[in-house]
Amino acid sequence: MANDLFNTFMNGPDENGRFGDFGGRFVSETLMPLILELEQEYEKAKTDDSFWAEMNHLWTHYVGRPSPLYFAERLTDHLGGAKVYMKRDELNHTGAHKINNVLGQIILARRMGKKRIIAETGAGQHGVATATVCAKFGLKCVVYMGAHDVERQAPNVFRMRLLGAEVVPVTSGRGTLKDAMNDALRDWVTNVRDTFYCIGTVAGPHPYPAMVRDFQSIIGKEVREQMTEAEGRFPDTVIAAIGGGSNAMGLFFPFLDDKEVNIIGVEAGGKGVNAKMEHCASLTGGRPGVLHGNRTYLLQDDDGQILEGFSISAGLDYPGIGPEHAWLHEIGRAKYVSITDVEALAAFQLSCELEGIIPALEPSHALAHVMKIAPDLPKDHIICMNMCGRGDKDIFTVAKALGFEMGAFA
Ligand SMILES: *Cc1c(COP(=O)(O)O)cnc(C)c1O
């Protein structure tokens, strides 16, 4: 692939949407013209200064970018080794990194003259971000959400409805994120003319993995500038949690060609990466297959049936992982590890107690890995972890896990 020619990790995917053996366009004949049109429009927008000018304006005035780069001093002292920085993407409007990408796709949808936006959502974070931006632009918004998730995530369902979105409970399959994504793809094929499909992570058929990565790369670009200002150099290690892998790709991508920067992705280890598949670690515990239009590592049984996986963090339980991560894993440019529910809960509490930051359970996984490695690293080693979401949405889950009864505080 072209990467070998230019000795860079940063110009993938190839013209077929492939990152090595991963990615691609595994879609039906009916879907093919839609994704080819999208690719064409995105290629045009990408090199158009007015597109990025609109993004930058909204990133600044609507989202609140740049997000701060914060030196976690008490946490660093507590761990006694490497210097720990947090990229504060939890301070974005709507509380996570999702909106970085949603803005890009919806500005593109508007350029394409689309009036109806559809999205899939698992825990509801991407659904809320999409409903938010649709409200801002007066676009119709339909969010597909597994029936099981609709029940589990009532506050986000209500948020989406307040924002004017229609939430469609999906009962096919097991009624979770995977099934919601299938139904959204079906909707797109039936409503080709006026509809834009806004995907929430670096998954799906080409061009989605590359496009979502490009929009999220604002995270890593800011870290490059902010760390240079704070420390006069780049971090030694960057760490992020992985569901589908979009916040991680956003932090990692701008550093791929800086070979001295260690890159670590943290998957959800649930109850442990075991044979019973009570985890969501697609790279550490899965194998390659095809899902949602691309080839990547998936959680599957011996017959190739996709498994649901398990994690305390609803935002990490996608049974696949973005194809670019699968490639970075195979060529060894990034390292992937897993963190259990118990370890993530401990990191969640430590961040609250030492830094006054209530993190989402997803970045708590990244922080838990920081806690593992920082004590053994020298004091001049700089780690930057992506604090990609705030924990307000997770307090009920955490209370339950820690044995608190919410009513008992009264
Ligand atoms: C959705 C979500 C994730 C997982 O998605 P990625 O595409 O892997 O980033 C992680 N953290 C938070 C806070 C989320 O909302």
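All values derive from a computational prediction rather than experimental measurement. (Residues numbered from 1 in each chain as written. Predicted model: local features only at pLDDT ≥ 70, side-chain atom pairs only at ≥ 80, totals over all residues. Heavy atoms only, no water.)

**Regarding the pattern of salt bridges**
Where charged atoms of side chains with opposite charge meet at close range, the side chains can pair.
Here is step 1: Applying the stated criterion to the full structure yields 22 salt bridges.
Here is step 2: Between Asp394 and Lys393 there is a salt bridge, with its nearest N and O atoms 2.9 Å apart.
Here is step 3: According to the relative accessible area criterion, Lys393 is partly exposed, its value standing at 26%.
Here is step 4: Beyond isolated ion pairs, a larger network of salt bridges with shared partners links Arg65, Lys87, Asp89 and Glu222. (Salt bridge = Lys/Arg side-chain N within 4 Å of Asp/Glu carboxyl O. Buried < 20%, exposed > 50% of the residue type's maximum accessible area, 1.4 Å probe, protein only.)

**Overview of the layout of surface pockets**
Here is step 1: If you add up the space inside the largest pocket, you get close to 550 Å³.
Here is step 2: As for the largest pocket, its lining consists of 27 residues, and the residues nearest its centre are Arg152, Gln153, Ile312, Ala314 and Thr397.
Here is step 3: Taken together, the elements giving at least two residues each to the lining of the largest pocket come down to α7 (147–152), α8 (154–162), α9 (177–190) and α17 (395–402).
Here is step 4: The class makeup of the residues in the lining of the largest pocket is 7 nonpolar, 10 polar and 10 charged.
Here is step 5: Two domains each donate at least three residues to the lining of the largest pocket, and these are domain 1 (29–62 + 98–212) and domain 2 (66–95 + 217–403). (1 Å grid on protein atoms, 1.4 Å probe; cavity = no way out; pocket = protein on both sides within 12 Å on 5 of 7 lines; lining within 4 Å. Points joined across faces, edges and corners; volume = space filled by probe spheres on them. Helix = DSSP H or I, 4+ residues; strand = E, 2+ residues; numbered from the N terminus. Nonpolar A, V, L, I, M, F, W, Y, C, P; charged D, E, K, R; others polar. Domains from an automatic or database assignment.)

**Considering the domain arrangement of the protein**
Accessible area lost during the coming together of the parts is what is often quoted as the interface size.
Here is step 1: Domain annotation for the protein reports domain 1 (29–62 + 98–212) and domain 2 (66–95 + 217–403).
Here is step 2: Its C-alpha centre places domain 1 at a distance of 23 Å from the equivalent point of domain 2.
Here is step 3: Contact residues are listed per partner, giving 26 residues for domain 1 and 25 residues for domain 2.
Here is step 4: Across the domain 1 to domain 2 interface the summed buried area is about 2,200 Å²; carbon plus sulfur atoms make up 61%. (Contact = heavy atoms within 4.5 Å. Buried area = accessible area lost by both parts, 1.4 Å probe.)

**Re the site of the ligand**
Here is step 1: The immediate surroundings of the ligand are formed by 15 residues, with Lys98, Thr201, Gly243, Gly245 and Ser246 found nearest.
Here is step 2: Contact between the ligand and Gly245: an oxygen atom at 2.7 Å from a main-chain N or O atom of the residue.
Here is step 3: In this structure, an oxygen atom belonging to the ligand sits 2.9 Å away from a side-chain N or O atom of Asn247.
Here is step 4: Contact with the protein chains covers 96% of the free accessible surface of the ligand, which is 380 Å². (Near = heavy atom within 4 Å. Polar contact = N/O pair within 3.5 Å; in protein donor to acceptor, adjacent residues only side chain to side chain. Areas by Shrake-Rupley, 256 points an atom, 1.4 Å probe, with all protein chains shown as cover.)

**Thoughts on a nonpolar patch on the surface**
Here is step 1: Together, Ile358, Ile395, Phe396 and Met406 make up a nonpolar patch on the protein surface, roughly 360 Å² of accessible area in all.
Here is step 2: With respect to the helices and strands, Ile358 occurs in the loop between α15 (341–355) and α16 (361–373).
Here is step 3: With a relative accessible area of 43%, Ile358 lands in the partly exposed category. (Patch = residues over 30% accessible without salt bridge, like charges linked within 9 Å, V, L, I, M, F, W, Y side chains within 5 Å.)

**So, the sheet that holds strand β3 (residues 69–71)**
Here is step 1: Strand order in the open sheet formed by 6 strands is β3-β4-β14-β9-β10-β13, and the pairing between neighbours is mixed. In this open sheet, the two strands that pair with only one neighbour each are β3 and β13 (335–340). Recorded for the sheet is a direction-independent mean angle of 30° between the axes of neighbouring strands.
Here is step 2: Summarising the sheet, strand β4 (residues 83–87) and strand β14 (residues 382–386) pair through 5 bridges and their orientation is parallel. (Pairing = 2+ DSSP bridges. Axes fitted to C-alpha atoms, helices over the stretch in contact; angles between N-to-C directions.)

**A closer look at the pairing of strand β5 (residues 116–121)**
Here is step 1: Among the 6 residues that make up β5, 6 are buried, leaving the element largely enclosed by the rest of the structure.
Here is step 2: On β5, burial covers both faces: Arg116, Ile118 and Glu120 on one face and Ile117, Ala119 and Thr121 on the other are all buried.
Here is step 3: Across 6 bridges, β5 lies against strand β6 (residues 140–146) in parallel orientation. By the bridge assignment, Arg116 is partnered in β6 with Lys140.

**A closer look at the packing of helix α3 (residues 49–63) against helix α5 (residues 98–111)**
Here is step 1: At a closest axis distance of 10 Å, the pairing of α3 and α5 adopts a crossing angle of 135°. With respect to α5, the element α3 is oriented oblique. Taken as a pair, α3 and α5 cross one another with a handedness that is right-handed. Residues Ser50, Phe51, Glu54, Met55, Leu58, Trp59, Tyr62 and Val63 of α3 touch α5, and the partners they reach there are Ile99, Asn100, Leu103, Gly104, Ile107, Leu108, Arg110 and Arg111.
Here is step 2: By residue class, the composition of the contact of α3 with α5 is 10 nonpolar, 3 polar and 3 charged. (Parallel < 35°, antiparallel > 145°, perpendicular 65-115°, else oblique. Left-handed = near helix turned anticlockwise from the far one by under 90°.)

**Looking at the packing of aromatic side chains**
Here is step 1: Taken as a whole, this structure holds 12 aromatic pairs when the rule is applied.
Here is step 2: Their ring planes at 80° and their centres at 5.7 Å tell us that Tyr42 and Phe215 sit as a pair that is edge-to-face. Of the two residues, Tyr42 is situated in helix α2 (residues 32–46) and Phe215 in helix α10 (residues 208–216); the sequence distance between them amounts to 173 residues. There is no split in this pair, since Tyr42 and Phe215 are both buried.
Here is step 3: Aromatic ring contacts, followed pair by pair, group Tyr42, Phe51, Trp52 and Phe215 into a single cluster.
Here is step 4: One residue, Arg88, lies across the ring of Tyr70, its end atom 5.5 Å from the ring centre.
Here is step 5: If you follow Lys271 out to its NZ or CZ, it ends over the ring of Phe310, 4.7 Å from the centre. (Phe/Tyr/Trp six-rings, centres within 6.5 Å; stacked < 30°, edge-to-face > 60°. Lys NZ or Arg CZ within 6 Å of the ring centre and 35° of its normal.)

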